[in-house]
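Reading the structure
Listed here are the chains, written in short residue letters.
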Amino acid sequence: MLRFLIRRTALGAVVLWLISMLVFALFFVAPSDVARTLAGRQATPETVALIQHRLGLDLPIWRQYLGFVGRALRGDLGYDYYHQVPVTTIIATAAPVTLSLVVGAAIMWLSLGVFNGVMSAIRPRSSLDRGLTVFALFFYSMPSFLLGLLLLYFLYFQLTLAGITIFPPGGFAPLSDGVVPWAQHLILPWLTLALVSAAIYTRLTRGSMLDVLGEDYIRTARSKGIPERRVIVRHGLRSALTPVVTQFGIDVGALLGGAVVTETVFSLPGIGKASIDALTQQNQPVIIATVLLASTAVVIANIIVDVMYAVLDPRVRLH
Amino acid sequence: MSVDPTSLETLGEAEGVSSRGPDALEGKAIEGRSPWLLGWQRLRRDRVAMISLGIIVLIMLIAILAPLAAVVTGHQPNEQYRQTGLSPNGLPLGPTSHFWFGTDDLGRDILVRVAFGSRVSLLVGVVSTGIAVVIGVVVGLAAGFFGGIIDTVLARFIDVALTVPFLLVAIALVSITGPSLTITILVIGFFSWASVARIVRGQVLSLREREFVEAARSLGASDPRIMFVDILPNVLAPIIVYTTLLIPVVIVVEATLAYLGLGLPPPTADWGGMINDGQKYYTTAWWFIIFPGAALLMTTLAFNLFGDGVRDAFDPRSDQLLQ
């Protein structure tokens, strides 16, 4: 177990190192006009050069990269080009927003997806199963920005027109303002993420439940006279959840790096929004930090998934 | 929808039996049914899949015949009808007999633009998926077949590609190179191959131990021949299923890039881009979002339902699930 963790962490570090170089190279070869933008329209070439020097953009790429890695290892991710704010501060302000969004949505999509999947699997090919399949595929096909805008149109705009103001048009209220405003601002984003993601869980749970319910030990459990509900939940669902756990880890990991689209639609100042803003302004320190953060989340999620695998299924040995 | 699934299954089984026991067939020439033919016959009886296929063909026709929409309505896709197509205070016009789907913020005909937008979605969907599948198959075949150090390196490569935050890097690339159709197609294609490679690798790992590979090798077949002639046909079914299901994913990614303002440069009509333009007006001009949105959703839904049918018909594992 310990050796497994060490090996996977090392591999993850290698992956992150490759990605950091990739992103760095990407922005080095790009024509950068950051210095020119900062200097203003009427700046002399000397001013532009001075700004380039101050930002360290006049150094050769390998020195810029080494400088970045050296500082990053000490926990310093540099400063925002435009506002002189430490990148770590930007991330620290954005992280709670993304975290609130993803955790709430994840609970919703996991319960919705697994519940629907089990209902489908109990009576395969029934009209309930078909209905749930169509429901799942409908939202699976739905681009999240479209669903977000539709929810805004019907649940914010039309309801507000009708005199019922439950949902705000967007934005974020921190938990310190109280749970109610916090949840009010997040319900529509949660729904958007959850409905779009739940489909995969419905299909996964249905598939693996059908596999498991065909096993001999389920027949044994039934013939012992164990109530059906208990057979399904205790004996069936528990071992059917393994592929679901994998998918869940990967999805949560990917989203913690920023739910770019949902955050954009609902103007949530999370990590996804921060990275989009940084990208459009070529704000390199923020971009590298957010890309690395997103990749780190995926790497860690993968390791946790593999450990969970061994916990859920005693047959799996980690090596 | 109303097809009774059990009758479907018994039909399929009856055929399986009769092709094995040809005596049951009277007066008909005996013909062997290949797995492909059987799969196609199963698919043809899946009403939902066939309706979806019909919708896909329809959308393809719309894409090909998009100029016809311009002729019928008399409106060009990028022409701004500022006199007739905007309200007196310069806002988009709702659906009228003149503009069936209404107009956008620049007074352009949304119907014509939705028709032209299908070209971008389908082109990117098909070409990017093609690129991803070709790369994925070659990498997956090589990794699974050669094993050893090649597999270790390629598998690590697949890991990196799966870890990269795709949307962020895609946006970064597009913002650096500037948006264009080629860039969109290439970026999506080059970031979608890893999952194909992983599936193919897994299958090839077990296939290469089988007797027919050994037989081919003892007959003196070269590595490329074994890979592409002997092994590849055996992984074709999952590849086809995955390809059908990858197309709608790619279409959504393209629309998402366009929605985030990184699609094709204006004034090209593009569903995601239209929705991006329209969201500023979502309280005043619902048609600006609803029509391109409906077109997009219909396309991805048709591909997903069809892909689901293809999986049921061609992927042998799904047969087990039905029992």
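Structure's up top.
Residues numbered from 1 in each chain as written. Chains lettered and ligands numbered in written order. Predicted model: local features only at pLDDT ≥ 70, side-chain atom pairs only at ≥ 80, totals over all residues.

So, on to the overall build of chain A. When its secondary structure is counted, chain A shows 14 helices and 0 strands. Each principal axis of the C-alpha distribution contributes one length, and for chain A these read about 85 × 60 × 35 Å. Looking at chain A as a whole, 39% of its 319 residues are labelled buried. At a minimum sequence separation of 6, the contacts of chain A that also span at least 24 residues come to 71%. (Helix = DSSP H or I, 4+ residues; strand = E, 2+ residues; numbered from the N terminus. Buried ≥ 20, exposed ≤ 12 C-beta atoms within 10 Å, placed from the backbone. Contact = placed C-beta atoms within 7 Å.)

This part takes up the overall build of chain B. Regarding its fold elements, chain B presents 14 helices and 0 strands. The order of α-helices and β-strands along chain B, N terminus first, is α-α-α-α-α-α-α-α-α-α-α-α-α-α. For chain B, the proportion of its 323 residues judged to be buried stands at 42%. The contacts of chain B with a sequence gap of at least 6 include a subset with a gap of at least 24, amounting to 71%.

The next point concerns the packing of helix H9 (residues 216–223) of chain A against helix H10 (residues 228–240) of chain A. Residues and elements named next belong to chain A. Close contact between H9 and H10 brings their axes to 10 Å; oriented N to C, the two are set at 150°. Crossing of H9 against H10: the hand is right-handed. Contacts from Tyr-217, Ile-218, Ala-221 and Arg-222 of H9 reach H10 at Val-231, His-235 and Gly-236. Of the residues contributing to the contact of H9 with H10, the split by class is 4 nonpolar, 2 polar and 1 charged. (Axes fitted to C-alpha atoms, helices over the stretch in contact; angles between N-to-C directions. Left-handed = near helix turned anticlockwise from the far one by under 90°. Nonpolar A, V, L, I, M, F, W, Y, C, P; charged D, E, K, R; others polar.)

Residues and elements named next belong to chain A. Taking 1.5 Å of rise per residue, the 35 residues of helix H8 (residues 179–213) would be expected to cover 51 Å, yet its terminal C-alpha atoms sit only 41 Å apart, more than 12% below that figure. Along its length, H8 reaches its greatest deviation from straightness, about 40°, at Leu-186, and the proline Pro-189 lies no more than four positions downstream. Counted residue by residue, H8 has 25 buried out of 35 residues, so it is predominantly covered. (Expected span 1.5 Å × (residues − 1). Bend = angle between axes of the 7 residues up to and from the residue.)

With 8 of its 8 residues buried, helix H12 (residues 271–278) of chain B lies for the most part within the structure. Taken as a whole, H12(B) has its buried residues at Trp271(B), Gly272(B), Gly273(B), Met274(B), Ile275(B), Asn276(B), Asp277(B) and Gly278(B). Its buried side turned inward, H12(B) meets helix H7 (144–161) of chain A together with helix H5 (110–146), helix H11 (223–259) and helix H13 (287–314) of chain B.

So, about the interface of chain B and chain A. Listed per partner, the contact involves 36 residues of chain B and 36 residues of chain A. For the side of chain B that touches chain A, the elements supplying multiple residues, two or more each, are helix H6 (148–163), helix H7 (166–177), H11 and H13 of chain B. At 9 residues, H13(B) tops the list of elements feeding residues into the side of chain B that touches chain A. Its residues placed into classes, the side of chain B that touches chain A shows 26 nonpolar, 8 polar and 2 charged.

For the rest of this paragraph, the subject is unusual backbone geometry. The backbone phi angle of Arg125(A) is positive, close to 70°, even though this residue is not glycine. Mapped onto the elements of the fold, Arg125(A) is located in the loop between helix H5 (87–122) and helix H6 (127–141).

This part is about the environment of Ala105(A). Residue and element names in this part refer to chain A. Tracing the chain through its elements places Ala-105 in helix H5. With 93 residues separating them in the primary sequence, Ala-105 and Ala-198 have C-alpha atoms 9.7 Å apart. Once residues lying within four places of it in the same chain are set aside, the contact partners of Ala-105 are Trp-190, Leu-193 and Ala-194.

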